[in-house]
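Listed below are the residues making up each chain.
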Amino acid sequence: MSAYLLRLFFAGLALIATSGCGQKTPAAAASGAALVKVRFQTDWFPQPEHGGYYQALAKGYYAAEGLDVAILPGGPNAQVMSSVAVGRADLGMTNGDDVIVAVARGVPIKMVAAEMQRDAQGILFHAEHPIRSLQDLQGKTIMAGAGSTWIEVVRQKLGVKFNLIPLVGDLARFVNNPEFVQQCFVTNEPYFVGQRGVSVGALLIANETYEPYRVMFAGQTFLTQHPDVVAKFVRASLRGWVDYLTGDPAPANKLLAAKRSDLTPEFMAYSIKAMNDYQLVLGNAAKGERVGLLTAARLTKQIALLQEIGVLDKPVAVNEVATFEFIPAQP
Amino acid sequence: MKKSFSVSTWLLPAVSGLIFIGLWYSVRVVSGLQSWILPTPGEIMAAAVHEHTRLLAAAGHTALGALGGFLLAAILGFFTSLLLGLSKSLRASLYPWLLMLQMTPVIVLTPIIMLWAGPGMPGIITITWLISYFPIVANLTQGLLSTDMNHVALFRMCNANRWQEVLLLRVPAALPYYLAGLRIAATLAPIGAIFGEYMVGNASGGTGGLGFLVYSYNTQIKIPALFATALTSCLLGFVFVAAVAWLNWALLHKWHDSFERADH
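Everything numeric in this text was worked out from a predicted model, so none of it was measured.

Caption draft 1: Just the overall build of chain B, in detail. Across its full length, chain B carries 10 helices and 0 strands. Secondary structure elements of chain B, listed N to C terminal, follow the sequence α-α-α-α-α-α-α-α-α-α. For chain B, the spread of C-alpha atoms along the three principal axes comes to 75 × 55 × 30 Å. Counting only contacts in chain B whose residues sit at least 6 apart along the sequence, the fraction spanning at least 24 positions is 72%. Counting 13 positive and 8 negative side-chain charges, chain B places the centres of these two groups 5 Å from one another.

Caption draft 2: Summary view of the side chain of R214(A). Residue and element names in this part refer to chain A. Within the secondary structure, R214 sits in strand β10 (residues 214-219). Among the residues examined, R214 registers a relative accessible area of 8% and is labelled buried. In terms of polar contacts, R214 uses its side chain to reach the side chain of D43, at 2.5 Å. At a separation of 2.9 Å, a polar atom in the side chain of R214 contacts the side chain of D119. Once residues within four sequence positions are removed from consideration, R214 is found in contact with D43, M93, T94, N95, G96, A114, E115, M116 and D119.

Caption draft 3: Expanded view of the nonpolar core. With 62 residues, the main nonpolar core has L55(B), F70(B), Y178(B), L182(B), L210(B) and L213(B) as its most contacted residues. For this core, the secondary-structure elements that each account for two or more residues are α2 (41-50), α3 (52-86), α5 (106-117), α6 (121-145), α8 (162-200), α9 (210-219) and α10 (223-252) of chain B. For this core, the element with the highest residue contribution is α8(B), accounting for 14 residues. L171(A), M216(A), A218(A) and L280(A) belong to the second largest nonpolar core, which has 59 residues in total.

Caption draft 4: Expanded view of the pattern of salt bridges. Throughout the structure, instances matching the rule amount to 21 salt bridges over all chains. The partner of R298(A) in a salt bridge is E289(A), with the nearest N and O atoms 3.6 Å apart. For the pair R298(A) and E289(A), a shared accessibility class is recorded, and that class is buried. The salt bridge partner of E51(B) is R54(B), with a shortest N-O separation of 3.1 Å. With a relative accessible area of 8%, E51(B) lands in the buried category. Residue classification places R54(B) among the partly exposed positions, given a relative accessible area of 22%.

Caption draft 5: Fine view of the pairing of strand β6 (residues 141-144) of chain A. Residue and element names in this part refer to chain A. Relative to strand β7 (residues 163-166), β6 runs parallel, the two sharing 4 bridges. By the bridge assignment, M143 is partnered in β7 with I165. The pairing of β6 with strand β8 (residues 181-185) spans 2 bridges and is classified as parallel. Across the sheet, the residue bridging to M143 is Q182, located in β8.

Caption draft 6: Representation of the packing of aromatic side chains in the model. Residue and element names in this part refer to chain A. If you walk through the whole model with that rule in mind, you get 24 aromatic pairs over all chains. Taking the centre distance of 4.9 Å and the plane angle of 45° together, the rings of F40 and F233 count as tilted. Here F40 is found in strand β1 (residues 36-41), whereas its partner F233 is found in helix α10 (residues 227-246), with 193 residues between them in sequence. Joined through ring pairs, the aromatic side chains of F40, Y53, Y62, F233, W241 and Y244 make up one cluster. Over the aromatic face of Y61 sits the side chain of R239, whose NZ or CZ is 3.8 Å from the ring centroid.

Caption draft 7: The arrangement of the interface of chain B and chain A in detail. Residue-level contacts link 41 residues of chain B with 38 residues of chain A. Buried surface at the junction of chain B and chain A, summed over both partners, amounts to about 3500 Å²; 67% is from carbon and sulfur atoms. Considering only the side of chain B, the residues that lose the most area to chain A are W36(B), Q220(B) and I221(B), jointly responsible for 17% of the buried surface there. At the junction of chain B with chain A, the criterion picks out 0 salt bridges. There are 5 residue pairs in polar contact (both at pLDDT 80 or more) connecting chain B and chain A. For the side of chain B that touches chain A, the elements supplying multiple residues, two or more each, are α3, α5, α6, α8 and α9 of chain B. In terms of residues, the side of chain B that touches chain A owes the most to one element, α3(B), which gives 7 residues. A breakdown of the residues in the side of chain B that touches chain A according to their chemical character gives 27 nonpolar, 11 polar and 3 charged.

Caption draft 8: Expanded view of the side chain of E51(B). Residue and element names in this part refer to chain B. Here E51 lies in the loop between α2 and α3. Side-chain polar atoms of E51 contact the side chain of H50, separated by 3.4 Å. Reaching out from E51, the side chain makes a polar contact with the side chain of Y217 at a distance of 2.7 Å. Ignoring any residue separated from it by four or fewer positions in sequence, one finds E51 in contact with Y217, K222 and A225.

Caption draft 9: Broad picture of the environment of V242(A). Residues and elements named next belong to chain A. As for its placement among the helices and strands, V242 is situated in helix α10. Sequence separation of V242 and Q55 is 187 residues, and the distance between their C-alpha atoms is 9.3 Å. In this structure, V242 is in contact with G247, L282 and V291, ignoring residues within four places of it in sequence.

Caption draft 10: Just the sheet that holds strand β4 (residues 109-116) of chain A, in detail. Residues and elements named next belong to chain A. The 5 strands are arranged β2-β1-β3-β10-β4 in an open sheet whose pairing can be described as mixed. For this open sheet the edge positions go to β2 (67-72) and β4, each flanked by a neighbour on one side alone. Along the sheet, successive strands turn relative to each other by an average axial angle of 25°, direction set aside. Here helix α5 (residues 96-104) sits on the sheet and contacts β3 (91-95), β4 and β10; the angle it forms with β3, its principal contact strand, is near 110°.

Quick notes on the rules
Residues numbered from 1 in each chain as written. Chains lettered and ligands numbered in written order. Predicted model: local features only at pLDDT ≥ 70, side-chain atom pairs only at ≥ 80, totals over all residues. Heavy atoms only, no water. Helix = DSSP H or I, 4+ residues; strand = E, 2+ residues; numbered from the N terminus. Contact = heavy atoms within 4.5 Å. Lys, Arg positive; Asp, Glu negative; His and termini not counted. Charge placed at Lys NZ, Arg CZ, Asp CG, Glu CD. Buried < 20%, exposed > 50% of the residue type's maximum accessible area, 1.4 Å probe, protein only. Polar contact = N/O pair within 3.5 Å; in protein donor to acceptor, adjacent residues only side chain to side chain. Core = buried A, V, L, I, M, F, W, Y, C linked by side-chain atoms within 4.5 Å. Salt bridge = Lys/Arg side-chain N within 4 Å of Asp/Glu carboxyl O. Pairing = 2+ DSSP bridges. Phe/Tyr/Trp six-rings, centres within 6.5 Å; stacked < 30°, edge-to-face > 60°. Lys NZ or Arg CZ within 6 Å of the ring centre and 35° of its normal. Buried area = accessible area lost by both parts, 1.4 Å probe. Nonpolar A, V, L, I, M, F, W, Y, C, P; charged D, E, K, R; others polar. Axes fitted to C-alpha atoms, helices over the stretch in contact; angles between N-to-C directions.

Okay, here's the thing in structure tokens:
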């Protein structure tokens, strides 16, 4: 019997091996020229908030730069930064604050461009009990991710006092209680709650005091060895983002829907509209923002803030957390 | 296997089930709760039918992870037990550490598993293995130590060497213990795989498992579908347990007391 089990065991191992490398490589360019393989780690299951990358893939922007990009799906505990740091992926995307903190702790990664000018985190509320500014949270009870940086900022810098209950991925309580307030992504939860016939609003948390980027970052080794590849990746990705948000998003949405059958066209359209309405990716031109832009001034301010509220235990220099050479010049 | 099934074997659970479903409906009607708080069994079945392609694909994905982790636990558990069961000093040196591994909640290890084994299937299989490994080791080790002393004496009288004693006597005699361990592991493996998908899954290859559906349906407030996912998970658990029960029957019914005696 053990021989039989042994065979099963090796079958099992083969299974592990194949499923681990189950990433489909994108179709190679027709030219046949050898494309450079790049692995890009996302922070969650495929979703419209990754749309720009999928658009670049679907429309061949990566291939046009000579890249064969594999977009790796994330998920709970995705550990995007660790994955890139240990070389399981070459580049990744996540919240800019997290990169600052990780770099300060010695994780060998560096920001190479902004993905979103401001994070999509928001406060979800019922329309009949509106939250117009973060000051309105005074005395409320909020369901939010314990340890979120914004909570400390609002408490310490704005002096707003509120109670916290732990965030669980569950909207039923919110739907049921008109006074309930919880953390959300402005690109996501409002849609599903709205579908239940609840009239809701969402306030973007990002503000003058606290405005974290969402960023693309690269592993330090990869960055040192292949700056040209990073440049191409950033260029093609930003091109994908502009096209996804201002052009026809169908190519990326088709890829996304193939990866996740639960993403409906209506939801994806909502998410895209929210990214545009809140100027998350393309930025606010009046404030000098543009797609991909990271500024040393804003990062310096963020580092100082993180240190002030005690998230960052030691100082870190701007040029340690980010490099600005890949950010496209003024269009 | 029981000799005969009486009417009550089927009738009593059917009646209690009907009463339960009746209560369920009346709670819903009396309380006036909406379907996304307390869906009725009918709504759950409707959701199961509506979502059946997704549920089946997810169950297949989860079954793969569960099977991978289960087999890994069965194989590694077998060899670990051999080591533990055959050498007193090895048992003394290793058992406390195995206990430590067992006592550490997997949820604490999840980020480490994620980093070492990787996201998706490798991580899911590792978590499933960790959860199902120990019952197998504990049972089989106990089995290897419980060989009938009369049989051991007989083997020694016939000058059987150590290996003959182990392979021809101790291992076969411990088989019922091994299978008991496998049965516990079989109930744990699908749970481990779903937990793994919930903690380290990445839904790669276009299909997430049942753990992924929990996220998906929960964020979309599709509560009847969430109940249907629970039902599917439960069925998957039964399939695993039934498979081991069959293995148990196939390997033991010809010779083991538990299939021949009429006193239980």
